[in-house]
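# An overview of the molecular structure
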Amino acid sequence: MQRHPVGSPIAAPAAESGPQPQRAAPHRPVILCLEQLSKRYTEAGEERLVLDALDREFYAGEFVCLLGKSGSGKSTLLNLISGIDAPSSGDVTIYTDDTGDGTVEAVTITALSEQARTLFRRRHIGIVFQFFNLIPTLTVLENVTLPLELAGGVSDVRERAAALLGRVGLGDRLQTYPDKLSGGEQQRVAIARALVHDPLLILADEPTGNLDEETGESVLALLLELTRGAGKTLFMATHAPEVAAQADRVLHLVHGKLISDQAWRAQHPDLYGSD
Ligand SMILES: Nc1ncnc2c1ncn2[C@@H]1O[C@H](COP(=O)(O)OP(=O)(O)O)[C@@H](O)[C@H]1O
Ligand SMILES: [Mg+2]
């Protein structure tokens, strides 16, 4: 594993296909790096290349929006970044700063065993899913304490979980079971669960995709407040254009490639005008 001093640029930004409408400061350290990342699925003897040799870097504190048609590979990419799934080839490297000695550690999660990836994910990554994925037999509080208990090393598990549930507006529903909650409330629990271990990277896979518009907006505002508002890195797959308008960087997944928003717009003058 490589080590770099905190705060210095770890690597030069990857070349983009066209100018980027980015608000993220370029001196931010790299937190996530994709190198020649590919994923193929074989179905009925036929091979399909879903992600095609992706090369990208993402920066600490950035809010990245990933757009793409259904089936374009958004969930596949998020699952490779989180280590839930393994690529066909290429690497995902995540830079952590919890060594305690002022250095950053580069962890190539694609080089880890499945068990080591799980441990890394529990410690450093928070995930919000479209369908909430709460455990139905656990209370709201237990759903949120579980990741802290699995990650270990925390003494005030209940207090932390309860405090965060208070912040998402569910402080009075700690002993309720998920099936008694509305979709928006379940997603608020899921957001608390994703953040309770103070992850450095939050992945959200269409977090408002299963909510009505108004509920989706309030859940999204909450998610942004608790992630971006706290300087955390947020990588979100979404269909919602109003979300993309708030992102530091918008990327489109098209035919297995990531292209910048500007490059994508330039290719679709019919939708956006050519200027
Ligand atoms: N386990 C799998 N086996 C075969 N094909 C898969 C598998 N998972 C996803 N795919 C295919 O990969 C493509 C991308 O899927 P996905 O990442 O879920 O897209 P998105 O999240 O953008 O809707 C789809 O064509 C899907 O059918
Ligand atoms: Mg998906």
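Here, every reference points to the structure presented above.
Residue indices follow the written sequence of each chain, beginning from 1 at its first position. Starting at A for chains and at 1 for ligands, labels are handed out in the order in which the entities are written. Predicted model: local features are reported for residues with pLDDT of at least 70 only, side-chain atom pairs are reported and counted for 80 or more only, and whole-chain, interface and lining totals are derived from all residues.

## Considerations on the packing of helix α3 (residues 140–151) against helix α4 (residues 157–167)
Taken N-terminus to C-terminus, the directions of α3 and α4 make an angle of 125 degrees; their axes are 9 Å apart at the nearest point. If you check the angle between α3 and α4, you find them oblique. Seen along the crossing, α3 lies across α4 with a hand that is right-handed. Residues Val140, Leu141, Val144, Thr145, Leu148 and Glu149 of α3 pack against Val157, Arg158, Arg160, Ala161, Ala162, Leu164 and Leu165 of α4. Gly is placed with the polar residues, together with every amino acid not listed as nonpolar (Ala, Val, Leu, Ile, Met, Phe, Trp, Tyr, Cys and Pro) or charged (Asp, Glu, Lys and Arg). Across the contact of α3 with α4, the residue classes break down as nine nonpolar, one polar and three charged. For every element, the axis is a line fit to its C-alpha atoms; helices are fit only across the contacting stretch, and the angle between N-to-C directions ranges from 0 to 180 degrees. Think of it this way: any DSSP run of H or I at least four residues long counts as a helix, any run of E at least two long counts as a strand, and we number them from the N terminus. Here roughly perpendicular refers to angles of 65 to 115 degrees, roughly parallel to angles under 35, roughly antiparallel to angles over 145, and oblique to all remaining angles. Crossings are classed by handedness, with left-handed meaning an anticlockwise turn of the near helix from the far one by less than a right angle and right-handed meaning a clockwise turn. What counts as a contact is two residues whose backbone-derived C-beta atoms lie within 7 Å of each other.

## Quick word on the environment of Val154
Within the element layout of this structure, Val154 appears in the loop between α3 and α4. Note: C-alpha distance between Val154 and His197 (43 residues apart in sequence) is 8.9 Å.

## Quick notes on the sheet that holds strand β4 (residues 63–67)
Neighbouring strands of a sheet are bound in pairs by backbone hydrogen bonds; such pairs are parallel or else antiparallel. Here the rule is simple: two strands pair whenever DSSP picks up at least two bridges between them. Strand order across the open sheet formed by six strands is β7-β8-β9-β4-β10-β11, with mixed pairing between neighbours. Each edge of the open sheet is held by one strand with a lone partner, namely β7 (125–128) and β11 (257–260). The mean inter-strand angle of the sheet, taken between neighbouring strand axes irrespective of direction, is 20 degrees. As judged from the four bridges shared by β4 and strand β10 (residues 249–254), these two strands associate in the parallel manner. Bridged to Leu67 within β10 is His252.

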